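# Structural features, examined
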Amino acid sequence: MSALIIFGLLLVLMLTGMPISISLGLTVLTFLFTMTDVPIEAVALKLFTGIEKFEIMAIPFFILAGNFLTHGGVARRMINFASSMVGHWHGGLGLAGVVACALFAAVSGSSPATVVAIGSILLPAMVKQGFPNSFGAGVITTSGALGILIPPSIVMVMYSVATNTSVGQLFMAGVIPGLMLATFLGLTTWYRARKFNYPRLAKASFKQRIKALRESMWGLFLIVVVIGGIYTGIFTPTEAAAMSAVYAFIVAVFIYKDLTLKQVPKVLLDSASMSAMLLYIITNAVLFSFLMTSEGIPQAMAGSLIDAGLGPIAFLLAVNVILLLAGNVMEPSSIVLIFAPILFPVAMQLGIDPVHFGILIVVNMEVGMCHPPVGLNLYVASGITKMGITELTVAVWPWLLTMLAFLGLVTYVPMISLWLPKTLGMM
């Protein structure tokens, strides 16, 4: 009964158009003060202890690093490198977009940042070369979603905070699924470009490729800094985030010189406001999960699902459906922070690996970012392409179907996620 009241209240508040973070906080406070005897001090205490986790510090640093890279010419050099490698194949610039998104994802940790950085440079170039606007938009909107699967990933940090799973293991587990999804999206792009005979670039010479690699080297080296540092144990994921922010600042301001010192305060302010927004969502989601636990809702749900005879296969299917439906009305951070604490105990009781479960949730979030009505990447791409959301939704369908097929694969083949961390001896 209390679960119905809590979710009913949350739904009503969200339908009024109130931001999710405030809806969560108000739901908790209303329920606690009208239906329970929990003292107000407990709420205040939970607000502070909820964001006291060391891992949460990684979020502002990854956002800052991503912003420095977005403004600092790194994206443009990555696109040039990708174009020199795959531009001569069918749909050359589209394929270069997929590769560039995968590379930029490995340094930014954010999907919208990847769409903005790569899309704002590549989409005008694609239209100029004779590609339909819808093709470019479809490629960049979906490939940009790689930003949360290829490590480092802000969404993975949030899952780690919600479930106490190792961030290092999650980052390593995201590498192979991320590369596989990039390959599948690339194949879809190539197939459609070949089918409709879209333009190709002239084949780059070996000399041109080396030049493009040398120019993009500083940006690409950040991948080595973050992943190499975490794997070798030189620093924790949170320290890796701080390192990447400092490194991105040095590369953007002093090496590439595309960002002046005068522009740095604006980048810092933008990063601070985005971090504050995310931390506010986290704080309220922590309160919400405290309420759910104190009311025994996750435990009751776990019991009823297991009593109903749901095995791991049926449960994972149900999780995918729930998360895809949630993706229609909420953005990834909120979904992870609300649903992970509820679904995680059931997954553990059914013997599902916490790292595999985390990657499955992240892939669901990727799909949610590319379909309406709340698909964040759609809105970002819409701003760049000046296309309507309906038009964009039609444009992304072929790639979205590829992502759904990949989701099925990741769900039922755990070794895709677990092979690398196990091979590296991290699990």
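This write-up is about the structure you can find in this document. Please read these numbers as outputs of a predicted model, since none were measured by experiment.

This part covers the environment of Gly388. Secondary-structure assignment places Gly388 in the loop between helix 19 (376-385) and helix 20 (389-412). Judged by relative accessible area, which is 34%, Gly388 ranks as partly exposed. Along the primary structure Gly388 and Leu378 are separated by ten residues, whereas in three dimensions their C-alpha atoms are 9.2 Å apart.

A few words on a nonpolar patch on the surface. A surface patch of nonpolar side chains, about 850 Å² in accessible area, is lined by Ile313, Leu317, Val321, Leu325, Leu409, Tyr412, Val413, Met415 and Trp419. Those elements that provide at least two residues to the nonpolar patch are helix 16 (312-326), helix 20 and helix 21 (415-423). By residue number, the principal contributor to the nonpolar patch is helix 16, which donates four residues. Within the element layout of this structure, Met415 appears in helix 21.

This paragraph deals with the side chain of Ser110. Mapped onto the fold, Ser110 is located in the loop between helix 6 (92-108) and helix 7 (111-129). A relative accessible area of 9% means that Ser110 is categorised as buried. Looking at Ser110, its side chain comes within polar contact range of the main-chain nitrogen of Ala113, at 3.3 Å. Not counting chain neighbours up to four residues away, the residues in contact with Ser110 comprise Gly147 and Ile154.

Glancing now at the packing of helix 5 (residues 74-86) against helix 7. One can describe the packing of helix 5 onto helix 7 by two numbers: an axis separation of 9 Å at closest approach and a directional angle of 60°. Considering the angle they form, helix 5 stands oblique to helix 7. Here helix 5 and helix 7 pass one another in a crossing that is right-handed. Contacts between helix 5 and helix 7 involve Ala75, Arg76 and Ile79 from the former and Ala117, Ile118, Ile121 and Leu122 from the latter.

A separate point is unusual backbone geometry. For the bond from Pro151 to Pro152, the omega torsion is 0°, close enough to zero to count as cis. For Pro152, the location among the structural elements is in the loop between helix 8 (133-143) and helix 9 (154-163). In this structure, Asn197 is a non-glycine residue whose phi angle is positive, near 55°. Counting through the fold element by element, Asn197 comes out in the loop between helix 11 (175-195) and helix 12 (206-232). Accessibility expressed as a relative area gives 62% for Asn197, which makes it exposed.

Once that is clear, we can look at the nonpolar core. If you look at the biggest cluster of nonpolar residues, it comprises 146 residues, and the most contacted ones within it are Ile118, Phe315, Phe357 and Ile361. Sort the elements by how many residues they give to this core and helix 6 lands first, with twelve residues. If sequence neighbours within four positions are ignored, Ile118 has contacts with Ala75, Ile79, Gly97, Ala100, Cys101, Phe104 and Ile140.

Let us look at the environment of Ser333. Within the element layout of this structure, Ser333 appears in helix 17 (residues 332-349). Linking Ser333 and Met78, residues 255 residues apart in sequence, is a C-alpha distance of 27 Å.

Turning to helix 9, a few remarks are in order. Of all ten residues in helix 9, nine are buried, a share of seventy percent or more. Three or more residues of helix 9 are buried, namely Ile154, Val155, Met156, Val157, Met158, Tyr159, Ser160, Val161 and Thr163. On its buried side, helix 9 packs onto helix 4 (58-71), helix 10 (167-173), helix 14 (264-294), helix 17 and helix 18 (354-368). N-cap assignment for helix 9: the residue whose side-chain oxygen lies 3.3 Å from the backbone N of Val155 is Ser153. Backbone geometry just downstream of helix 9 places Asn164 in the positive-phi region, at approximately 60°.

So, how was this worked out
- By convention here, each chain's residues receive numbers from 1 onward along its written sequence.
- Under the rules for a predicted model, residues below a pLDDT of 70 receive no local features and side-chain atom pairs below 80 are neither given nor counted, while totals for whole chains, interfaces and linings still include all residues.
- The side-chain quantities take in all heavy atoms of the structure and omit both hydrogens and water.
- The helix count covers DSSP runs of H or I at least four residues long, the strand count covers runs of E at least two residues long, and both are numbered beginning at the N terminus.
- Burial classification: accessible surface area is computed with a 1.4 Å probe over protein chains only, and a residue below 20% of its type maximum counts as buried, one above 50% as exposed, and the rest as partly exposed.
- Only residues whose relative accessible area exceeds 30% and that take part in no salt bridge are eligible for patches, with like-charged residues grouped when within 9 Å of each other and nonpolar side chains (Val, Leu, Ile, Met, Phe, Trp, Tyr) grouped when within 5 Å.
- Here the accessible surface of atoms and residues is derived via Shrake-Rupley with a 1.4 Å probe, and residues count as covered only by protein chains that are part of the display.
- One side-chain nitrogen of Lys or Arg within 4 Å of one carboxyl oxygen of Asp or Glu is enough to make a salt bridge.
- Two N or O atoms form a polar contact when they lie within 3.5 Å of each other; inside protein one atom must be a possible hydrogen donor and the other a possible acceptor, and for residues adjacent in sequence the pair counts only when both atoms belong to side chains.
- Contact definition: two residues touch when any of their heavy atoms are within 4.5 Å.
- For every element, the axis is a line fit to its C-alpha atoms; helices are fit only across the contacting stretch, and the angle between N-to-C directions ranges from 0 to 180 degrees.
- Here is the rule for angles: anything less than 35 degrees is roughly parallel, anything more than 145 is roughly antiparallel, 65 through 115 is roughly perpendicular, and the remaining ranges are oblique.
- In this scheme, a crossing is called left-handed if the near helix is turned counterclockwise away from the far one by less than a right angle; it is called right-handed if the turn is clockwise.
- Each nonpolar core is a collection of buried residues, namely Ala, Val, Leu, Ile, Met, Phe, Trp, Tyr and Cys, held together in the definition by side-chain atoms within 4.5 Å.

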